[in-house]
Amino acid sequence: MLLRGCTIRNTEWCFGLVIYAGPDTKLMQNCGKTTFKRTSIDRLMNVLVLVIFVFLALMCFILAIGNGIWEHDKGFYFQVYLPWADGVNSAAYSGFLMFWSYVIILNTVVPISLYVSVEIIRLGNSFYIDWDRKMYYPLNDTPAQARTTTLNEELGQIKYIFSDKTGTLTQNIMAFNKCSINGKSYGDVYDVAGQRTEITEHTEKVDFSYNQLADPKFVFYDHSLVEAVKLDDAATHGFFRLLSLCHTVMPEEKKEGNLVYQAQSPDEGALVTAARNFGFVFRARTPETITVVEMGETKVYELLAILDFNNVRKRMSVIVRSPEGDLTLYCKGADTIVYELLDSSCGPLKEETMEHLNEFAGEGLRTLVVAYKDLQEDYFQEWHKRHHEASTALDGREEKLSELYEEIEKDLMLLGATAIEDKLQDGVPQTIETLTKAHIKIWVLTGDKQETAVNIGYSCNMLHDDMKDVFIIEGNTSEEVLDELRTARKKMNPDSFLDSDETIKFENPSTKSRILPEEQANGVYGLVINGHSLAYALEGNLELELVRTACMCKVVICCRVTPLQKAQVVELVKKYKKAVTLAIGDGANDVSMIKTAHIGVGISGQEGMQAVLSSDFSFAQFRYLQRLLLVHGRWSYIRMCKFLRYFFYKNFAFTLVHFWYGFFSGFSAQTVYDQWFITLYNLVYTSLPVLGMSLFDQDVDDRWSMQFPHLYEPGQQNLYFNKLEFVKCVLHGIYSSLILFFIPYGAMYDTVRSDGKAIADYQSFALMAQTCLLIVVSVQIGLDTAYWTAVNQFFIWGSLSVYFAIIFTMYSDGMYLIFTASFPFIGTARNTLNQPNVWLAIFLSIILCVLPVVGGRFLKAQLMPTVSDKVLRKIRAAKKWPPPPLPKTRLRRTSTRRSGYAFSHQHGFGALIMSGRNMRPKLPFTTTGTFSPNSEKNRHK
């Protein structure tokens, strides 16, 4: 019986019956619920639209009151000239009707077309992600994909990233990188002068063509190790002989010489593959024997015992008898453990090997120590007898076996050490470093054990020696976990203990979700917490302490966590922090985390498509995340904010002119503009320019966006569009509407043409006001545009051209004669726009509307520059004087040696191998009586 999500190995075919694969399976239960995700800008827009409705009602109420007063004081006495409408018998009733009339006239202040425009902009920015060639992975033909079009701008506001490790940060591929044999280090490349050189793609690789059974994918650069093997160096042969014998790998050879290893962990597979390429090929295995091809000669070793690995022993051993009859114990394991078991005669070699171990660990490699021991026949027979009794004991079996293992694994002779690289995906350290500079906090949530996760943390540049401290939370009770968290928080910020937890000042205590204020640490810290400790920390009385402590750290690593715990950690940060979260993973165990975060990113890797299918965005490599956030996310956020600011501004400037006109028209609900201008204003004249800016605008190009990650900060702080910015837009619109009404009104008041004819009429005033409005909003969008393209130019100048073409056409004699009732403004355009004083008034309106904006922006940039202003200055300076290329630095870590021994997270498979239950003889059907769908008998003819 297999659970959903399991993978069957070493099996070419099988009969299967699905009993149940629905929502109650363990995998589906861990996936979490799918929720509808909305951006913070969406939620803010809904609130602002309600505010605008209230504002509309208030304006209409004021104008209705004005109408009632005017009709009572003035209109009542002029009914012969201005009669009331049928059914209107009082000023109060007239004011009531005018309220609804003004609702119809002023409804343009409500952004009805806003949501349609927003979706068009989001769709366009989603296509940019899909079309980005720099996020295309050619090796498996995988482009980046925006699987949703509603979250683009939130990519520019990320504060916390929650990442899986295996398959996301790493390739889950182990590579034999270096080794130390008999006190000599191998793996580095030296030049003619004896200086160590950096390994690049142009470095010459070792040629293994002499070995017919070598793995063609294996890569090594140090030629001296191959020479040592060819010169029959005893220590080197012993080293690789150990690697070819001491393991639980299962070989599969479908074709002659085509070996495939199925290893319990990638570490073991890498070590056995290394031995294979250097001439010690593990060829076959039975419960009693191991077949190895040593330098072209086939040897069969008798397998007498496997002393299995577990998390306490942190080592494994095998006892074999060579074809010559020699008994040998081979052992490999964590350096800290095996060093305690070495013979005293290994003293000098131990020191030399320890130096190499420190060097390997400093480079973030996973280290193992290998040793051997020659056994006497008599002693082994007596020990083997006791081993058999212990293995068949009904009580205390594990304890008895452990004692026997400890007894025989003593006085070992040191052979050397191995260094395995847990291959990171390309560009992971650089990506994490760049995202960290953008003040994005990265949390790694992994099911791997602590030792492995910490090693990857150092390799990825998340953890480094410059940190003040890295706290390890590994308490086994709630009290221990609380004490460790408090100790860490006290060291990072002693002032946080001035107030008790009961008196924490939340930013929004009235809301259901209590938001914690930001607390700054007195240095750079990291936090590592185990799964069992995390379970206590996520309890109700400890979660507040966990989030306060963890959020002060630059990096948080959670080890041995379940898929549900991953989602709980994300939910915890969402609950207590006013921040946008992003979760990224590649496997089914990351689905719950991806669904919980504000934005979920799936990596299409080696663990199927579950994560991708549940994600909002997907791509093939972790390194593309920085481009997704720092380029596409930031651009989308800036474009959306500019669009919203401009959209609200132009609507308020357009509509409020009606409001001011009401005070000069007896509050009669007379419109300022021609009805055709009102219809075409949002539909034709101003729609394309703002869409052009919202789809093509960028303050800096993608190269500078990546080079200056600090440009990302305004989005995290939501500086470009918020309630304050909305108030500024409203005030700007009110000011512009005052200018756009009173300047044309004053210019037209008691004015005559140059030929003495009057133009102080309603139609001329309406034309002048709408012309001022359209030119002012066009100039405003020109000021807001940072990146000019041919499309922007065409849309802005085209909209103005279309406006003048339409008014001269609609206000012509011909249109009046054909559609007399629809086009009453006959001759207004040619009679008004040919007067110099009209254009002077238009120019004055533009200057008065634009001057405060230009002056305010200039003074703000000079006196109170933002982070973006400072970075943009640097970019302008860098464009004039390009900086010299930065020297490449070698990633090194000089901290205490850390073992990377990680054969498995569970008990080893030694007992299973020795029993032979996992091995089946591959014999014909007639002998075994088994069925094969590929047999000649059962093939369809």
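Conventions we followed
Residues numbered from 1 in each chain as written. Predicted model: local features only at pLDDT ≥ 70, side-chain atom pairs only at ≥ 80, totals over all residues. Heavy atoms only, no water. Helix = DSSP H or I, 4+ residues; strand = E, 2+ residues; numbered from the N terminus. Buried < 20%, exposed > 50% of the residue type's maximum accessible area, 1.4 Å probe, protein only. Contact = heavy atoms within 4.5 Å. Areas by Shrake-Rupley, 256 points an atom, 1.4 Å probe, with all protein chains shown as cover. Salt bridge = Lys/Arg side-chain N within 4 Å of Asp/Glu carboxyl O. Expected span 1.5 Å × (residues − 1). Pairing = 2+ DSSP bridges. Axes fitted to C-alpha atoms, helices over the stretch in contact; angles between N-to-C directions. Polar contact = N/O pair within 3.5 Å; in protein donor to acceptor, adjacent residues only side chain to side chain. Patch = residues over 30% accessible without salt bridge, like charges linked within 9 Å, V, L, I, M, F, W, Y side chains within 5 Å. Lys, Arg positive; Asp, Glu negative; His and termini not counted. Charge placed at Lys NZ, Arg CZ, Asp CG, Glu CD. Parallel < 35°, antiparallel > 145°, perpendicular 65-115°, else oblique. Nonpolar A, V, L, I, M, F, W, Y, C, P; charged D, E, K, R; others polar. pLDDT = per-residue confidence, 0-100. Core = buried A, V, L, I, M, F, W, Y, C linked by side-chain atoms within 4.5 Å. 1 Å grid on protein atoms, 1.4 Å probe; cavity = no way out; pocket = protein on both sides within 12 Å on 5 of 7 lines; lining within 4 Å. Points joined across faces, edges and corners; volume = space filled by probe spheres on them. Phe/Tyr/Trp six-rings, centres within 6.5 Å; stacked < 30°, edge-to-face > 60°. Lys NZ or Arg CZ within 6 Å of the ring centre and 35° of its normal. Arc of directions from axis to C-beta.

Student: Would you explain the overall build of the chain in this entry?
Tutor: Along the chain, the regular secondary structure elements total 33 helices and 22 strands. Going through the 941 residues of the chain one by one, you find that 52% of them count as buried. Contacts in the chain between residues far apart in sequence, at least 24 positions, make up 74% of those at least 6 positions apart. Accessible area of the chain: about 45200 Å², with a carbon and sulfur share of 58%.

Student: Sorry if this is basic, but what is going on with the pattern of salt bridges here?
Tutor: Pairing is possible between side chains that carry opposite charge, provided their charged atoms lie close to one another. Counted by the stated rule, this structure contains 34 salt bridges. Note that Lys37 and Asp616 form a salt bridge whose closest N and O atoms lie 2.9 Å from each other. With Lys37 in the loop between α1 (26-29) and α2 (40-73) and Asp616 in the loop between α19 (610-613) and β22 (617-619), the pair connects residues that are 579 residues apart, well separated along the chain. The shortest N-O distance in the salt bridge between Arg548 and Glu519 comes to 2.7 Å. Separated by 29 residues along the polypeptide, Arg548 in helix α16 (residues 543-550) and Glu519 in the loop between α14 (478-492) and β18 (525-529) bring together distant segments of the chain. Pair check on accessibility: Arg548 and Glu519 agree, each one buried. One salt-bridge network, in which partners are shared between bridges, spans Asp42, Glu119, Arg122 and Glu153.

Student: Looking at this structure, I do not really get helix α4 (residues 114-131). What am I missing?
Tutor: The periodicity of an α-helix, 3.6 residues per turn, causes residues three or four places apart in sequence to face the same way. Taking 1.5 Å per residue as the helical rise, α4 with its 18 residues ought to reach 26 Å, and the 26 Å between its terminal C-alpha atoms agrees with that figure. Within the span of α4, buried status applies to Leu114, Ser117, Val118, Ile121, Arg122, Gly124, Asn125, Ser126 and Ile129. Its buried side turned inward, α4 meets α2, β1 (145-146), β22, α20 (624-662) and α22 (687-696).

Student: I keep staring at the sheet that holds strand β13 (residues 327-333) and nothing clicks. Help me out?
Tutor: Strands in a sheet are paired, the pairing made by backbone hydrogen bonds, and the direction either parallel or antiparallel. Read across the sheet, nine strands follow the order β4-β3-β15-β14-β13-β12-β11-β10-β9 without closing on themselves; strand pairing throughout is antiparallel. The open sheet has two free edges, formed respectively by β4 (184-186) and β9 (280-285), since each of these has just one partner strand. When strand polarity is set aside, the average angle formed by the axes of neighbouring strands in this sheet is 30 degrees. Strand direction decides the pairing type here: strand β3 (residues 170-181) and β4, joined by three bridges, are antiparallel. Paired with Ser180 across the bridge in β4 is Ser185.

Student: Would you explain the environment of Val219 in this entry?
Tutor: Positionally, Val219 belongs in the loop between β6 (196-197) and α5 (223-230). Among the residues examined, Val219 registers a relative accessible area of 33% and is labelled partly exposed. For the pair formed by Val219 and Lys205, sequence separation is 14 residues and the distance between their alpha carbons is 6.7 Å. Beyond its immediate chain neighbours, meaning those up to four positions away, Val219 contacts Phe176 and Lys205.

Student: Would you explain the pairing of strand β15 (residues 413-424) in this entry?
Tutor: For a regular strand, side-chain orientation follows a simple rule: the groups alternate between the two sheet faces. Most of β15 sits inside the fold, with nine of its twelve residues counted as buried. Where strand β14 (residues 366-374) lies against β15, seven bridges are found, and the strand directions are antiparallel. Within β15, the residue paired with Thr367 across the bridge is Ala419.

Student: Sorry, what's going on with the side chain of Lys566 here?
Tutor: Along the chain, Lys566 turns up in helix α17 (residues 563-576). Assessed through its relative accessible area of 1%, Lys566 is described here as buried. A distance of 3.4 Å separates polar atoms of two side chains, one belonging to Lys566 and the other to Asp164. Residues contacting Lys566, with those up to four places away along its chain left out, are Asp164, Leu445, Thr446, Val561, Asn589, Asp590 and Met593.

Student: Just to check I follow, could you spell out a positive patch on the surface for this structure?
Tutor: A cluster of basic residues, Arg703, Lys870, Arg873, Lys874, Arg876, Lys879 and Lys880, forms a positive patch on the protein surface. Looking at the positive patch element by element, the count peaks at six residues for helix α31 (residues 867-880). Looking at where Lys870 falls in the secondary structure, it is placed in helix α31.

Student: How should I be thinking about the packing of α20 against helix α21 (residues 675-685) in this particular structure?
Tutor: Relative placement of two packed helices is described by the angle separating their axes and the distance separating the axes. α21 packs onto α20 with a crossing angle of 170 degrees between their chain directions and a minimal axis gap of 11 Å. As the angle between them shows, α20 and α21 are arranged roughly antiparallel. For the pair formed by α20 and α21, the contact residues are Lys650, Asn651, Phe654 and His658 on the first element and Phe677, Ile678, Tyr681 and Asn682 on the second. Considered class by class, the residues forming the contact of α20 with α21 number four nonpolar, three polar and one charged.

Student: Sorry, what's going on with the confidence of the model for the chain here?
Tutor: Interpreting fine coordinate detail is not advised for predicted regions of low pLDDT. In this model, the chain carries a mean pLDDT of 84, and residues with pLDDT of at least 70 account for 89%. For the stretch residues 889-898, pLDDT sits under 50, and the model shows 34 contacts to residues farther than four places along the chain or on other chains.

Student: For this particular structure, what's the right way to read the sheet that holds strand β2 (residues 158-163)?
Tutor: With mixed pairing, the nine strands of this open sheet are ordered in space as β1-β22-β21-β20-β2-β16-β19-β18-β17. Unpaired on one side and paired on the other, β1 and β17 (469-473) mark the two borders of the sheet. Where β2 lies against strand β16 (residues 441-445), four bridges are found, and the strand directions are parallel. Looking across to β16, one finds that Tyr160 is bridged to Lys441.

Student: What should I look at first to understand the environment of Glu543 in this one?
Tutor: Following the sequence through the fold, Glu543 ends up in helix α16. Considered as a pair, Glu543 and Leu572 are 29 residues apart in the sequence and their alpha carbons are 7.5 Å apart. Setting aside residues up to four positions removed in sequence, Glu543 forms contacts with Ala537, Leu538, Leu572, Lys575 and Tyr576. A polar contact is formed between the side chain of Glu543 and the side chain of Lys575, at a distance of 3.0 Å.

Student: Sorry if this is basic, but what is going on with the nonpolar core here?
Tutor: If you look at soluble globular proteins, the nonpolar side chains tend to sit buried side by side. With 85 residues, the main nonpolar core has Phe643, Leu644, Phe648 and Leu773 as its most contacted residues. Setting aside residues no more than four positions away along its own chain, Leu773 makes contact with Ala653, Phe654, Tyr673, Phe677, Tyr681 and Leu740. Membership of the second largest hydrophobic core comes to 52 residues, among which are Phe220, Phe239, Phe309 and Met316.

Student: Is there a simple way to think about the layout of surface pockets in this case?
Tutor: A volume near 1600 Å³ is recorded for the second largest pocket. If you go around the second largest pocket, you meet 37 residues; those closest to its centre are Arg645, Tyr720, Arg857, Lys860 and Asp869. Each residue belonging to the lining of the second largest pocket can be placed in one class, and the counts come to 17 nonpolar, nine polar and eleven charged.

Student: Teacher, can you tell me more about the packing of aromatic side chains here?
Tutor: Tallied over the full model, the rule gives 53 aromatic pairs. Their ring planes at 10 degrees and their centres at 5.2 Å tell us that Phe127 and Trp131 sit as a pair that is stacked. With Phe127 and Trp131 both in helix α4, this residue pair falls four residues apart, about one helical turn. Grouping aromatic residues by their ring pairs yields a cluster made of Phe654, Tyr673, Phe677, Tyr681, Tyr685, Tyr803, Phe804 and Trp839. In this structure, Lys230 packs its charged tip against the face of Tyr210, placed 4.5 Å from the ring centre. Over the face of the ring belonging to Trp704 we find Arg703, whose NZ or CZ atom lies 4.4 Å from the ring centre.

Student: Got a minute to help me understand α21 in this structure?
Tutor: Three or more residues of α21 are buried, namely Phe677, Leu680, Tyr681 and Tyr685. The arc that holds every buried residue of α21, seen down its axis, measures 130 degrees, which confines them to one face. Turning to α21, the residues buried within the fold contact α20, α22, α26 (762-784) and α27 (790-810).

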